[in-house]
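# Summary of the model geometry
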Amino acid sequence: MDDNGKDIKLYPTRGRRRGVLVVFSYIEFRAQLETYRRGVDVDCQMLKNLFSEIGFEVISFQNLTRDETLTHMKNLPLKGAECVFIVISSHGYGRDGSWDTDIRCSDGGLISAHAVVDHFNNQNCPALIGIPKVFIFQMCRGENRYLELALAEQGVGGAGGAAPATDGAPYGSGAAPRSSRAGRRRDRVYSDILIAHSTLPGFVSHRDMDKGSWFIQALCEVFAANAHECHVVTLFTLVDKALQERFRVQTSVVENWGFNCKLYLHPGLFED
């Protein structure tokens with residue numbers, strides 16, 4: 001294991017409840033409001049297989065309404081988990097003048113990516129204070145496309161050389177509200193949070209309709225091959241490298257919100 005930096009500690013992740021993976025996927029939408037997201041079922045199965053092998057408990061939800069999504073987020077059985085991964089996969093819409101992204105639920109309702117993270121911050125979810133929380137957003141964040149001409153020339157795409165599908169277009173404006181309260185002990189509201197987006201703000205995110213999303217394909221391959229020796233921040237660096245080498249044109253991005261320890265997943269290793 002690479003453990004450079006004497007002052008950077010490790011998150012403890014060798015217990016029997018190693019971690020929990022929660023997947024919210026949205027494939028079908030009411031009244032054909034959005035296109036059917038073929039290939040997402042492949043993503044979900046790959047994620048379930050990967051994290052089950054690592055030793056995680058897997059909880060999955062599919063095609064929830066906005067209200068159902070919020071209700072399940074509030075009632076997830078996460079207490080006692082050593083780390084939490086939350087995956088959101090849907091059509092996404094960039095917000096004008098903001099890095100935030102609106103996420104489409106099956107009934108057409110929208111939830112912002114920042115609002116998802118807010119559900120699990122130290123104020124709203126004190127049971128997870130000090131617990132590493134990794135968010136993975138697989139969706140478009142705008143309508144800009146990555147060098148379509150170069151994409152066509154290199155033959156990257158779905159089955160039969162078809163162009164890959166994408167997961168959304170710009171929608172809405174305004175940022176999620178932030179609140180502060182006086183008269184309390186000052187402490188961080190946001191810490192131990194790592195956020196991985198499948199694409200840059202303003203850009204589309206590609207999905208092979210037979211093999212799954214480009215980003216999830218790269219993520220599952222990299223984690224399966226390297227999780228035994230690399231910490232999670234390094235793994236996401238390798239994911240973006242794999243995304244470049246295999247698909248050439250899509251760029252992922254990772255945000256660190258006070259994620260100040262190294263997170264190793266220790267597949268197969270347990271300490272009582």
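Note that the structure is predicted; figures quoted are calculated from it, not measured.

## Topic: the overall build of the protein
Scanning the protein from terminus to terminus reveals 6 helices and 12 strands. Buried positions account for 52% of the 272 residues belonging to the protein. Of all intrachain contacts in the protein linking residues separated by at least 6 positions in sequence, the fraction that spans at least 24 positions is 81%. A total accessible area of about 13100 Å² is found for the protein, and carbon and sulfur atoms account for 49% of it.

## Describing the side chain of Arg18
Within the secondary structure, Arg18 is located in the segment before β1 (20–25). Within the buried set, Arg18 has no salt-bridge partner at all; the shortest N-O distance to an opposite charge, 4.3 Å, is to Glu82. At 2.8 Å, the side chain of Arg18 forms a polar contact with the backbone oxygen of Leu265.

## Comments concerning the packing of aromatic side chains
The way to describe two aromatic rings as a pair is by their centre distance and the angle between their planes. For the structure shown, the criterion picks out 11 aromatic pairs. An angle of 10° between the planes, with centres 6.5 Å apart, marks the rings of Phe135 and Phe137 as stacked. Across this residue pair, the class does not change: Phe135 and Phe137 are buried. Ring plane angle 5° and centroid distance 4.6 Å describe the contact between Trp214 and Phe247, whose orientation is recorded as stacked. With Trp214 in helix α5 (residues 214–226) and Phe247 in helix α6 (residues 232–247), this residue pair connects regions lying 33 residues apart in the sequence. Ring pairing ties together the aromatic residues Phe51, Phe56, Phe85, Phe223 and Phe236, which thus form one cluster.

## A look at the sheet that holds strand β7 (residues 133–138)
The strand order across the open sheet built from 6 strands is β2-β1-β3-β7-β9-β12, with neighbouring strands paired in mixed fashion. Taken across any chain shown, the strands that pair with only one partner, and hence form the sheet edges, are β2 (57–62) and β12 (253–257). The mean angle between the axes of side-by-side strands here comes to 15°, regardless of whether they run parallel or antiparallel. Sitting on the sheet, helix α1 (residues 40–54) touches β1, β2 and β3 (84–89), and the angle it makes with β1 is about 175°.

## Here's the deal with the pattern of salt bridges
Tallying each qualifying case throughout the model produces 6 salt bridges. Residues Arg95 and Asp100 are paired through a salt bridge, measuring 4.0 Å at the closest nitrogen-oxygen approach. The exposure classification of Arg95 matches that of Asp100, with both residues buried. Salt-bridge contacts for Arg246 lead to Glu221; the nearest nitrogen and oxygen are separated by 2.4 Å.

## A closer look at the nonpolar core
Ranked by internal contacts, the top residues of the largest apolar core, which has 38 residues, are Phe85, Ile136, Leu219 and Phe236. Mapped by element, the contributors of at least two residues to this core are β1, α1, β3, β7, β9 (193–197), α5 and α6. Considering each element in turn, this core owes the most residues, 8 residues, to α5. Counting 32 residues, the second largest nonpolar core, distinct from the first, contains Met73, Leu76, Ile88 and Ile111.

## Digging into empty space enclosed by the protein
A full pass over the atoms with the stated rule returns 1 cavity of 30 Å³ or more. Within this model, the largest cavity holds a volume of roughly 30 Å³. Contributing to the lining of the largest cavity are Val23, Asp43, Cys44, Leu47, Val87, Ser89, Gln138 and Ile216. Among the elements of the structure, α1 and β3 are those that each provide at least two residues to the lining of the largest cavity. A per-element tally of the lining of the largest cavity places α1 first, with 3 residues.

## Quick look at the sheet that holds strand β11 (residues 212–213)
Ordered in space as β8-β10-β11, the 3 strands form an open sheet in which the pairing is antiparallel. In this open sheet, the two strands that pair with only one neighbour each are β8 (165–166) and β11. Where β8 and strand β10 (residues 206–208) come together, 2 bridges link them in antiparallel fashion. Residue pairing in the sheet places Ala165 in a bridge with Arg207 of β10.

## Topic: the side chain of Ser205
Position of Ser205 among the secondary structure elements: in the loop between β9 and β10. Looking at Ser205, its side chain comes within polar contact range of the side chain of Gln138, at 3.0 Å. The residues contacting Ser205, other than those within four sequence positions of it, are Gln138, Met139, Cys140, Ala165, Thr166, Asp167, Ser198, Thr199 and Gln250.

## Quick notes on the pairing of β7
The buried fraction of β7 amounts to 6 of the 6 residues, a majority that puts the element mostly inside the structure. The alternating pattern of β7 places Lys133, Phe135 and Phe137 and Val134, Ile136 and Gln138 on opposite faces, both of which are buried. In terms of strand pairing, β3 meets β7 through 6 bridges, oriented parallel. In the strand pairing of β7, Phe85 is matched with Val134.

Cut-offs applied
Residues numbered from 1 in each chain as written. Predicted model: local features only at pLDDT ≥ 70, side-chain atom pairs only at ≥ 80, totals over all residues. Heavy atoms only, no water. Helix = DSSP H or I, 4+ residues; strand = E, 2+ residues; numbered from the N terminus. Buried < 20%, exposed > 50% of the residue type's maximum accessible area, 1.4 Å probe, protein only. Contact = heavy atoms within 4.5 Å. Areas by Shrake-Rupley, 256 points an atom, 1.4 Å probe, with all protein chains shown as cover. Lys, Arg positive; Asp, Glu negative; His and termini not counted. Salt bridge = Lys/Arg side-chain N within 4 Å of Asp/Glu carboxyl O. Polar contact = N/O pair within 3.5 Å; in protein donor to acceptor, adjacent residues only side chain to side chain. Phe/Tyr/Trp six-rings, centres within 6.5 Å; stacked < 30°, edge-to-face > 60°. Pairing = 2+ DSSP bridges. Axes fitted to C-alpha atoms, helices over the stretch in contact; angles between N-to-C directions. Core = buried A, V, L, I, M, F, W, Y, C linked by side-chain atoms within 4.5 Å. 1 Å grid on protein atoms, 1.4 Å probe; cavity = no way out; pocket = protein on both sides within 12 Å on 5 of 7 lines; lining within 4 Å. Points joined across faces, edges and corners; volume = space filled by probe spheres on them.

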